[in-house]
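Residues per chain, in single letters:
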Amino acid sequence: LPKLLVAHGGGVARTFELSCFQAPLAMPEAVALKKSDILQSYIDNGDVVGICVSGGLDSKTVALRLRLAGVKVKCFTADIDQPDEDDINDVVKKMAPCGVETIVVDLKDEI
């Protein structure tokens, strides 16, 4: 099976096996995520999985697939005064259709 590497900024966090690689926003019910033991343990324990997101297709795909698999997901995006992001709150709006909470973390002073 193909594998989905959950990554952001070049750092790989986890690997999940996918039964297919279709666009999940089109027909999420048709796209099954094979639950690894660690994924199942997150579900069983009621753990909240935090992921860093940009609001792009990769972020939305990962967040939605995890949520549809039954994982509680909380998303974070860093506000570092990115020149390519006119309004950092647009990331929150982009993630909203995935049904996940997204929190903007102001890191401008730390960078």
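Keep in mind the model is a prediction, meaning the values are calculated, not measured. (Residues numbered from 1 in each chain as written. Predicted model: local features only at pLDDT ≥ 70, side-chain atom pairs only at ≥ 80, totals over all residues. Heavy atoms only, no water.)

### Quick word on the sheet that holds strand β4 (residues 72-79)
Pairing between the strands of a sheet comes from backbone hydrogen bonds, and it takes one of two forms, parallel or antiparallel. Sheet architecture is open: 3 strands sit in the order β3-β4-β5, paired in parallel fashion. Only two strands of the sheet have a single neighbouring strand rather than two, namely β3 (48-52) and β5 (101-106). Adjacent strand axes in the sheet meet at a mean angle of 30 degrees when their direction is disregarded. Relative to β5, β4 runs parallel, the two sharing 6 bridges. The partner of F76 across the bridge, within β5, is I103. (Pairing = 2+ DSSP bridges. Helix = DSSP H or I, 4+ residues; strand = E, 2+ residues; numbered from the N terminus. Axes fitted to C-alpha atoms, helices over the stretch in contact; angles between N-to-C directions.)

### Examining the confidence of the model for the chain
Overall, the prediction assigns the chain a mean pLDDT of 78, with 69% of residues at 70 or greater. Note that residues 1-12 has pLDDT below 50 and, in this model, 31 contacts with residues that lie over four places away or in other chains. Here residues 15-30 scores under 50 on pLDDT; set against residues more than four positions off or in separate chains, the count is 37 contacts. (pLDDT = per-residue confidence, 0-100. Contact = heavy atoms within 4.5 Å.)

### Focus on the environment of D81
In this fold, D81 is placed in the loop between β4 and α3 (89-95). Taking the relative accessible area as the measure of exposure, D81 reaches 57% and is therefore exposed. Measuring from C-alpha to C-alpha, the distance between D81 and D109 comes to 9.8 Å, with 28 residues separating the pair along the chain. (Buried < 20%, exposed > 50% of the residue type's maximum accessible area, 1.4 Å probe, protein only.)

### A few points about the pattern of salt bridges
Scanning the model with the defined rule gives 4 salt bridges in all. The partner of K74 in a salt bridge is E101, with the nearest N and O atoms 3.8 Å apart. Taken together, the positions of K74 in strand β4 and E101 in strand β5 put the pair 27 residues apart, joining distant regions of the chain. With relative accessibility at 44%, the residue E101 sits in the partly exposed group. If you follow the salt bridges from partner to partner, you end up with D79, D106 and K108 in one network. (Salt bridge = Lys/Arg side-chain N within 4 Å of Asp/Glu carboxyl O.)

### Re helix α2 (residues 57-68)
With 12 residues, α2 ought to run about 16 Å at 1.5 Å a step, and its terminal C-alpha atoms sit 16 Å apart, in line with that. Within the span of α2, buried status applies to S59, T61, V62, A63, L64, R65 and L66. Directly beyond the C-terminal end of α2, a positive phi value near 105 degrees is found at G70. (Expected span 1.5 Å × (residues − 1).)

### A word on the nonpolar core
Membership of the largest hydrophobic core comes to 18 residues, with the highest contact counts inside it found for I51, V73, C75, M95 and V100. Within the residue set of this core, elements represented by two or more residues are α1 (37-45), β3, α2, β4 and α3. Per-element accounting of this core gives the leading share, 4 residues, to α2. Leaving out residues up to four positions away in the same chain, M95 has contacts with V53, G55, S59, K60, A63, C75, V100 and T102. (Core = buried A, V, L, I, M, F, W, Y, C linked by side-chain atoms within 4.5 Å.)

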